[in-house]
Amino acid sequence: MDQNDYRSKIDRIDEGLVKLFAERMEVVSHLAGFKKERSLPVFDLKREKEKLKTVVDSSPEEIKEYSSLLYSLIFELSRSYQNKLIGSGSELVSKISSAIENTPKLFPERAAVACQGVEGAYSQLACDKLFKSPNVMYFSNFEAVFTAVEKGFCRYGVVPLENSTAGSVNTVYDLMTRHKFSIVRSIRLKVDHNLLAKPGTEISDIKEVYSHQQAISQCASFLQSLKGVKIIPCENTAVAAKMVAESDRNDIATLSSRECMKLYGLKCLRSCVQDKDNNYTRFICISKDLEIYPGADRTSLMAVLEDKPGSLYKLLSRLYALGINLSKLESRPMPEREFEFMFYFDLDTPVYSESFLQLMGELGDICEEYSYLGSYSEVI
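Numbering of residues starts from 1 in each chain and follows the order in which that chain's sequence is written. Side-chain atom pairs in this predicted model are given and counted only at pLDDT of 80 or more, local residue features only at pLDDT of at least 70, and totals for whole chains, interfaces and linings cover all residues. Side-chain metrics in this entry use all non-hydrogen atoms of the structure; hydrogen atoms and water are not considered.

(A) Looking closely at the sheet that holds strand β14 (residues 341-348). In this scheme, strands are said to pair when DSSP sees at least two bridges between them. A helix here means a DSSP run of H or I that spans at least four residues, while a strand means a run of E at least two residues long, and both kinds are numbered starting from the N terminus. Pairing is antiparallel across the open sheet formed by four strands, whose spatial order is β13-β14-β12-β15. If you trace the sheet from one side to the other, it starts and ends with β13 (325-333) and β15 (369-376), each paired once. Geometrically, the sheet is characterised by an average inter-axis angle of 15 degrees between neighbouring strands, direction not taken into account. Relative to β14, strand β12 (residues 298-304) runs antiparallel, the two sharing seven bridges. Bridging from a neighbouring strand, M302 pairs with Y344 of β14. Only the contacting stretch of a helix is used when fitting its axis, a line to C-alpha atoms as for every element, and angles between N-to-C directions run 0 to 180 degrees.

Next up, the structure:
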C-alpha cells in the first residue's frame, strides 16, 4: 500500500465517524429536551466519569491517553450543544443583556476620571485619548484609583495593564482580584521614553536617573551605557519629571515623555531611548457599573479552576467548540490559597454573538469561581 491507499482508508473511516457523531448529537438533542422538561442539570459529573473510565478501559493500551482526550472533547461539545438547545437563563446573561440595552449609544466625552501619578503621566495621556474633556483626578497609587472608582468618587479610572516590552503590570492584576469593577474600554498607547533634565544640564553631568520601574526595564540597554550613573525607581514617570524640575540639582535626570518635558520645562538630552521602538502600553478604562457600548468585541474574565489535571483544558476546549478566540491568558497566584492560581482571559468575540452568550451561561459549569470583567472595544 502507498500513501494514497492509507489516506483513502482514513477517508472511509472518517465518513463513518461523521455519521456516528451526527447520530450521537441527535440523541444528545433529545436528552437536552428531557432534561429541560424535568429541570435537570446538563452536567452530570458521575455519569461522565463512569463513561470516560469505560472508554479508556476498552481502548488499546497504546491509545488510552488519546481516547481520554477525544472523549473529554466530545463531552464538552455535548454539554455545549445541550446548553445551546436548552437556552441559558443565567443571572450573568441577563445582566449583560440589560447592560447592552441600557448603556448609552455613545461613549461619554466628559467624565471624572481617576489616574495614578501627576499631570503628564502616561495614564493621563491615555485618558486624553479616550475622553474629549476629562476631569482628571490624580492618586498616589493604583489601589487608590480602584478604590476611587469602587466608592463612586470618580466615574472612571484609567490604569496600565500590560506593555509590549516589559510585560504585565502585576500590581494591577493583583488589584483586579480584590476590587469590584468593569472594563468599559481599552487603548494601546505608543510609549516613547526620553532622558530629560533641567536646562543647562549635559548628559556628562548626570549622576542619577529617576523613573518608574517599567520605564527603567524598557530602557535597560541605554541605561547600561551611562557608566557610573545610579538608577532610582519611583512611583511614576511624571512624578520623576516633576521632582527633577523642582530640584535644585543639575546632576539628575528622568526617563519620561515629551509631554512631561513641555509641562515641566525640561530639556531632552536623548530621545526615544527605549530598547525597542515598537513599545506600546495597553491601558484599561474601568467603571463601577457594568457599561457595554456598541461595538464591544472583546471580553475579559478572571476564573479560578479546579486544582486538578485538565481543568484549564476543559475551559479552552469549550472556547474551541464555540469558535471563540483567546487573545490573552495570564495566571496570578492566589495568596490565600497555596499553589492555586487565578486565570485572566481576554476573548475576541462580539458581545452580540450567540456563542458569546452561550459561553457566559456555561461559565458556572466550567469554573470553580469566575468574575466577568466586562465587554468593550479597544482604541488603537
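(B) View of a nonpolar patch on the surface. Like charges within 9 Å and nonpolar side chains (Val, Leu, Ile, Met, Phe, Trp, Tyr) within 5 Å are joined into patches, using only residues over 30% in relative accessible area that form no salt bridge. For the accessible areas, the method is Shrake-Rupley and the probe is 1.4 Å, while residue cover comes only from the protein chains on display. In the sections that follow, a salt bridge refers to a side-chain nitrogen of Lys or Arg positioned within 4 Å of a carboxyl oxygen of Asp or Glu. On the surface, a cluster of nonpolar side chains totalling about 310 Å² of accessible area is made up of I13, L17 and L20. Of note, L17 is situated in helix α1 (residues 3-37).

(C) Up close: unusual backbone geometry. Unlike most non-glycine residues, S39 shows phi in positive territory, near 55 degrees. In this fold, S39 is placed in the loop between α1 and α2 (45-58). Of note in this structure, C272 is not a glycine but carries a positive phi near 50 degrees. Within the element layout of this structure, C272 appears in the loop between β10 (267-270) and β11 (280-287).

(D) How the structure looks around the UniProt feature "site: Essential for prephenate dehydratase activity" (unreviewed entry) in the protein. UniProt positions are given in the numbering used here, feature names are shortened, and annotations may be inferred rather than shown by experiment. Here the UniProt-annotated "site: Essential for prephenate dehydratase activity" (unreviewed entry) positions come out as T281. Positionally, T281 belongs in strand β11. Any pair of residues with heavy atoms lying within 4.5 Å of one another is described as a contacting pair. Here T281 is in contact with P160, E162, N163, I187, R188, L189 and V191, once residues within four sequence places are set aside.

(E) View of helix α13 (residues 354-366). Each residue after the first adds 1.5 Å to the expected span of a helix. The terminal C-alpha atoms of α13, which comprises 13 residues, lie 18 Å apart, in line with the 18 Å expected from a rise of 1.5 Å per residue. We define the bend at each residue as the angle formed by axes fitted to the 7 residues ending at it and the 7 residues starting at it. Where α13 bends most, at M360, the angle is about 35 degrees. Only protein chains enter the calculation, and the probe is 1.4 Å; a residue is then buried if its accessible area is under 20% of its type maximum, exposed if over 50%, and partly exposed in between. Among all positions in α13, only S355, F356, Q358, L359, M360, E362, L363 and I366 are buried. On its buried face, α13 sits against α3 (64-86), α4 (91-102), β12, α12 (311-322), β14 and β15.

(F) Looking closely at the pairing of β14. With respect to burial, β14 is a largely interior element, six of its eight residues being buried. Relative to β14, β13 is paired through eight bridges, and the arrangement is antiparallel. Bridging across to β14, L329 finds its partner in F345.

(G) Fine view of the packing of α4 against α13. At a minimum axis separation of 7 Å, α4 and α13 run at an interaxial angle of 140 degrees. The pairing of α4 with α13 is recorded here as oblique in orientation. In this structure, α4 uses L92, V93 and I96 to contact α13, whose residues at the interface are F356, L357, M360, G361 and L363. Three classes are used: nonpolar for Ala, Val, Leu, Ile, Met, Phe, Trp, Tyr, Cys and Pro, charged for Asp, Glu, Lys and Arg, and polar for all others, with Gly counted as polar. A breakdown of the residues in the contact of α4 with α13 according to their chemical character gives seven nonpolar, one polar and no charged. Should an angle lie under 35 degrees it is considered roughly parallel, over 145 roughly antiparallel, and from 65 to 115 roughly perpendicular; all remaining angles are considered oblique.

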